[in-house]
Amino acid sequence: MTSPSLTAGDLKRRDILIRLASACAGGLGLSYGAQTSKRGGGQGEQKSGKVFPNLGKHASKVTHISLISRSSQFELEKAEAGWVSPQSDFYPVADDALSGLIKALTDLRYVRTLPPPTKLDAKASQIAPHIGGDGVLISLETKDKAQIATLTLARRGEMTLAQLPGDEVLYEVSTVDWPPLDSPSAWLDLPKFDIAAERIATVELIRPDQDRLDIVRRPDGGFAPVGGKPSPRVTDIALMLGRLEPQAVMAANKLSGAPAFSHSTSLKSGLIIALDGFESAGRFWVKVRPDTSKAASPEEGERWATQTNGWAYAIPPNFVTLLMTPSLLNAGP
């Protein structure tokens, strides 16, 4: 059987795994049950102070970060315009997540060297992900592939464990604030449509082969379809934009064909924000289309246009059900 051709990204990720596995082979893959706690120097010695005392001085040299766990593997790269995620078509990385990781690693301190396990069984002591452990392997590298900081982290109740390349011993380390280490989407600078309900004037939902749904604000502040009665589902559709939390992102030019739906929210300010939905790879994605032509203050729409132009965002399954289920919402009372 002929093997499928590998893309440049596949080859790069394979190279990363090979290099990380080689770096960790000296210690990260060994059973904790075979460890002995050494003293007086070398592997397993008692350590104190910061785990990476020089990271603060060299953090600006980091151009590549990889995070590998049992459930995920992803990289972050420093591009000319800032940090991006190669797995998400080089979408921008959130500054707070990145700075949070650097600060956590910089602040990380040794608490103690763990003795050979008497209470921890062999399975619980395995943390290296490439041998099935539940830890996260973090590696920070320079442009020249030099490793500035590498370790595997895992939690055991309130305790944080760490293991370093070439060292067989597990260390308890200080508890610091970590960004989500095994959630690729948590690192992305995804848009937040913080639209309060009182700002919405009308909402329009268009779906092929179905009646158009026009929703208006009622005098009591609720929402109802034109010529119809209010319902919880109508309200959910009307408030969808303000509740939207994208699950993933990809380049919008990967989507083609006619939209499966168009959901447009008109604000009292005149700004219109439309979501055009497309199905791809078993998920629904939306392209964001702000219209500032009637907006009293177009700055808000222009900000969203700048952030979302050229991108499509995955929406949660419950939103798909809400928008795609046929109904008679637009019927009269």
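What counts and what doesn't
- Residues numbered from 1 in each chain as written.
- Predicted model: local features only at pLDDT ≥ 70, side-chain atom pairs only at ≥ 80, totals over all residues.
- Heavy atoms only, no water.
- Helix = DSSP H or I, 4+ residues; strand = E, 2+ residues; numbered from the N terminus.
- Buried < 20%, exposed > 50% of the residue type's maximum accessible area, 1.4 Å probe, protein only.
- Contact = heavy atoms within 4.5 Å.
- Arc of directions from axis to C-beta.
- Phe/Tyr/Trp six-rings, centres within 6.5 Å; stacked < 30°, edge-to-face > 60°.
- Pairing = 2+ DSSP bridges.

Enquirer: Honestly, the side chain of Thr265 in this entry has me stumped. Any pointers?
Expert: In this fold, Thr265 is placed in strand E14 (residues 261-267). The exposure class of Thr265 is buried, given its relative accessible area of 1%. Residue contacts for Thr265: discarding those within four places in its chain leaves Ile200, Thr202, Val203, Leu241, Leu271, Ile272 and Ile273.

Enquirer: I'm lost on helix H7 (residues 299-308) in this one. Help?
Expert: Residues spaced three or four apart along an α-helix point in a common direction, a consequence of the helix completing one turn every 3.6 residues. Along H7, the residues classified as buried are Glu300, Gly301, Trp304 and Thr308. Taken end-on, H7 shows its buried residues confined to a sector of 95°, consistent with a single buried face. Away from its buried face, by an angle of more than 90 degrees, H7 presents the exposed residues Glu299 and Thr306. Elements that come into contact with the buried residues of H7 comprise E14, strand E15 (272-280), strand E16 (283-291) and strand E17 (311-314).

Enquirer: Just checking my understanding: could you explain the packing of aromatic side chains for this structure?
Expert: How two aromatic rings sit relative to each other is set out by the distance from centre to centre and by the angle between their planes. Summed over all chains, the structure comprises 6 aromatic pairs. Ring plane angle 90° and centroid distance 6.1 Å describe the contact between Tyr91 and Tyr313, whose orientation is recorded as edge-to-face. Pair noted here: Tyr91 is in strand E4 (residues 91-92) and Tyr313 is in strand E17, with a separation of 222 residues, a long-range link. The exposure classification of Tyr91 matches that of Tyr313, with both residues buried. Measuring from ring centre to ring centre gives 5.2 Å for Tyr110 and Tyr171, while their planes differ by 65°; the resulting arrangement is edge-to-face. With a gap of 61 residues between them, Tyr110 in strand E5 (residues 110-113) and Tyr171 in strand E9 (residues 171-173) connect regions that are remote in the sequence. On the accessibility criterion, Tyr110 (13% relative accessible area) is buried.

Enquirer: Where do I start with the pairing of strand E2 (residues 73-79) in this structure?
Expert: With 5 bridges connecting them, strand E1 (residues 62-68) and E2 associate as antiparallel partners. Counted as the bridge partner of Ile65 is Leu76 from E2. Counting the residues in the hairpin turn of E1 and E2 gives 4 residues. Relative to strand E3 (residues 82-85), E2 runs antiparallel, the two being bridged by 3 bridges. Directly across from Ala79, in E3, lies its bridge partner Gly82.

Enquirer: Before we go on, may I ask you to explain the environment of Asp95 in this structure?
Expert: Examined against the element boundaries, Asp95 turns out to sit in helix H3 (residues 95-107). Measuring from C-alpha to C-alpha, the distance between Asp95 and Trp83 comes to 8.2 Å, with 12 residues separating the pair along the chain.

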